[in-house]
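A look at the structure
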Amino acid sequence: MNNIYLPKVIKVIAISRESIDTNLIRFKFASATDQKSFKFLPGQFMQVGFAGWGECPISICSTPTRSCEYFELAIRDVGQLTHKLNELEVGDEVLARGPFGNGFDVDNFANKNLLIIGGGCGFVPLRPIIEDFLSGKIISRKLQIFYGCLNEDTLLFKNEYEKWRKHAELGIILDKPTAKWRGEKGMITELIKKGEITPDTVVVMVGPPIMYKFAIKELQKKGIKDANIWLSLERKMNCGLGVCQHCAIGPFYVCKDGPVFTYSQLKGISGAL
Amino acid sequence: MKQNAINKLRQFAAALMEEYFVYAPIMHDEKLTVMEAENCKDIDWSGQITHNPWKEMFTPHTERLFDLENGKVTATKGVQPLVACLGMNILDLKALALYDTVFANDIYYQNRRNHIAIIGFSSDWPNDYKKFKVFSHNFEQDILKHVRFDIFIAKLKSGLLKFYSGSQKGSELLEKYGINKFDHIEFEGAVPEKGADKRMISLTDKVEKSFDHSLWNTLNDICLACGKCTIACPTCFCFNFVDRVDPENSRRDRVQGNCFYNDFSKVAGGHKELDTVKKKIYFWYVHKFVRIPKEYKLPGCVSCGRCVKVCPVGIDIFKNIAKLEKIKFDVKK
């Protein structure tokens, strides 16, 4: 019987500073066999940590097409463990289990207009979808990317925007930018209001619950069906297997049945959003 | 109970104690308590529900999962003693059937479970099952086919004892102890062939849609969120991972959790999903009556009533469920 609670050792192979509080870390499994057999879907997450420090769920933000070589995590410094993870250096080892969760149903995006909406550090799990669209692995008709952040310092993946703009429509809006900012200012809902969004668009959205509340209203005004609004939830997680109960919402476990749900799955559940 | 039946049970317990650490219901501080039996005469044969559940035997409060030494992860492989759980009543066997299902792929649980002999007991079979006021599902005539045990001892109305074996191990033990007259009951799965219980399914629907019912506001005002109900509950199995730091050797433990405690849903940054008593107690009921039935097709409450007995403010699950059962999907009352 496989030991579902036993983590594997992963090694830091590259680090880049993505924003004021977030490092993008590239990991490789210490065991070549583990790396070769590693597979994941966009939207899935890893439980990462150190023995003695616990573990926390972090969404994978690299493309699945490179999964047998490496995987990347963008880790925001928000608590004790993520602070320690942000202090990692190349060559350091940490423990990881996963991947967990259902991930995005990318087959469902085929031949449809795809709109990606990211709020703050919620943008992290959306990057693999963009990369797979650019590489032709996800064949959607059109890709629109709306990204809302607090300010310039908190924007992630800045070096990739130029590449994204070649094949997708990218809208960035900042809530409290500096005086130098020449782009859009306000909340993400402004981009939705102004955007040319067709009613048959499939929307993939990750961000804080407050963003979901207002963004969903605007999307509904554009005629988008609840079943075409996909969102990813964040909860406290321990086991990652739907047993320990920490991440439960109504009848679902975010770690196992999610973290990706359609709005139609969640809308009747108290406390889900 | 007739003295010869008592003597026979004591002889059986004494034989069992020769090779197993026997845990059984024993009167301790005026409470019927599951604890290690040192003398077979201490064991209570009333068939009543014990104050504490049996779950500590299967999922101990703290369990070491692995050690990390010099960058190497080593799974804990504890040597499991041979344990016999003697005198589990039918409701506790029902809870065990759920545990066996939930932890079917859990190597730590299975390693321990494989070393535990289950000996069920009824003091008035099958009438005592009927007397337990099972409310979370319908009465099951053939329940012994759907719970896991090695041996089941039924004291009949006549005072005579009837023995059943539920496994190869059970048959061997009975024969070894000179009990050659017994029936074998083949386990047919925790979920009956005809499917999930209809009363349970109906209740699942009602509890799931009941968050706006006034019951939860009432409970919000009286429940202390002390979590005693979850400790007493034989089907509560939530847990936390707790890491221990040592300069040379760190390790991870699994520790029994409690959804009423404040840090249960707390994430980095301090946000808590379960930030009111109403949300906590509703979450607990949803686990019992929605998530468990939907996922495992088994009741998440076995009607043992332990939570009622330990609740310091008298919250009564039997009455609460009776209220929710009356819901006709117009929940704004």
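As a starting point, this report considers the structure included with it. Computed from a predicted model, the values in this text were never measured in an experiment. (Residues numbered from 1 in each chain as written. Chains lettered and ligands numbered in written order. Predicted model: local features only at pLDDT ≥ 70, side-chain atom pairs only at ≥ 80, totals over all residues. Heavy atoms only, no water.)

**Considering unusual backbone geometry**
Trans is the prevailing form of peptide bonds, just as negative phi is the prevailing case for residues other than glycine. Put simply, the rule is: Helix and strand labels come from DSSP, where a helix needs a run of H or I of at least four residues and a strand needs a run of E of at least two; each type is numbered from the N terminus. Accessible area is worked out with a 1.4 Å probe on protein chains only. A residue is then buried under 20% of its type maximum, exposed over 50%, and partly exposed in between.
With omega at 10°, the peptide bond leading from G98(A) into P99(A) counts as cis. Note on placement: P99(A) falls in strand 6 (residues 93-100). The linkage connecting G258(A) with the following residue, P259(A), adopts the cis geometry, with an omega of 10°. In this structure, N111(A) is a non-glycine residue whose phi angle is positive, near 55°. Classification of N111(A) by relative accessible area gives exposed; the value is 53%. Phi is positive for D29(B), close to 50°, though the residue is something other than glycine. Relative to the helices and strands, D29(B) resides in the loop between strand 1 (21-28) and strand 2 (31-36).

**What about the pattern of salt bridges?**
This is how it is decided: Within this document, salt bridges are pairs made up of a side-chain nitrogen of Lys or Arg and a carboxyl oxygen of Asp or Glu, the two lying within 4 Å of each other.
With the rule as written, the count across this model stands at 31 salt bridges over all chains. In this structure, the salt-bridge partner of E55(A) is R252(B), at a minimum N-O distance of 3.0 Å. A residue pair is termed interchain when its members come from two chains, as with E55(A) in strand 4 (residues 54-59) and R252(B) in strand 11 (residues 249-256). The exposure classification of E55(A) matches that of R252(B), with both residues buried. With its nearest N and O atoms 2.8 Å apart, the salt bridge here joins D243(B) to R252(B). No difference in accessibility class separates D243(B) from R252(B), as the two residues are buried. Sharing partners across several salt bridges, the network here consists of R26(A), E72(A), R127(A), E131(A) and E160(A).

**Overview of the interface of chain A and chain B**
Inclusion rule: Contacts are assigned to residue pairs with any non-hydrogen atoms lying within 4.5 Å of each other. Here the buried area means the combined drop in accessible surface, using a 1.4 Å probe, for two parts upon being joined, counting both sides. Here a polar contact is recorded for every N or O atom pair within 3.5 Å, except that within protein the pair must consist of a potential hydrogen donor and a potential acceptor, and residues adjacent in sequence are included only if both atoms are side-chain atoms. Each residue receives one of three labels: charged for Asp, Glu, Lys and Arg, nonpolar for Ala, Val, Leu, Ile, Met, Phe, Trp, Tyr, Cys and Pro, and polar for the others, Gly being one of them.
Taken residue by residue, the interface counts 35 residues in chain A and 44 residues in chain B. Here chain A and chain B share an interface that buries about 3,100 Å² over both sides, 62% of which is from carbon and sulfur atoms. Of all residues in chain A, the largest losses of buried area upon contact with chain B belong to M1(A), Y5(A) and Q245(A), amounting jointly to 20% of the total for that side. With a shortest N-O distance of 2.3 Å, K256(A) and E295(B) are connected by a salt bridge. In this assembly, chain A and chain B are joined by 17 residue pairs in polar contact (both at pLDDT 80 or more). Sorting the residues of the side of chain A that touches chain B by element identifies strand 4, strand 6 and strand 14 (252-253) of chain A as the ones contributing at least two each. Partitioned by chemical class, the residues of the side of chain A that touches chain B number 18 nonpolar, 12 polar and five charged.

**Re a nonpolar patch on the surface**
Applied cut-off: Each patch is built from residues that are more than 30% exposed by relative accessible area and take part in no salt bridge. Like charges join if they lie within 9 Å; nonpolar side chains (Val, Leu, Ile, Met, Phe, Trp, Tyr) join within 5 Å. Values of accessible area rely on a 1.4 Å probe in the Shrake-Rupley scheme; residue burial ignores everything except the protein chains shown.
Taken together, I222(B), L224(B) and V313(B) make up a surface patch of nonpolar side chains, about 240 Å² in accessible area. As for its placement among the helices and strands, L224(B) is situated in the loop between helix 8 (214-222) and helix 9 (228-232).

**A closer look at the pairing of strand 7 (residues 113-119) of chain A**
Residue and element names in this part refer to chain A. Applied cut-off: The crossover handedness rule: strands pointing away from the viewer, path from first strand over the helix to second strand clockwise, crossover right-handed. For two strands to be treated as a pair, DSSP must find no fewer than two bridges joining them.
With seven of seven residues buried, strand 7 lies mostly within the body of the structure. Residue alternation in strand 7 divides its side chains into two sets, N113, L115, I117 and G119 and L114, I116 and G118, and both sets are buried. Remark: the strand 7/helix 3 (residues 127-134)/strand 8 (residues 142-149) crossover connection has right-handed handedness. Taken together, the five bridges between strand 7 and strand 11 (residues 202-206) define a ladder with parallel strand orientation. When the bridges of strand 11 are listed, L114 appears paired with V202.

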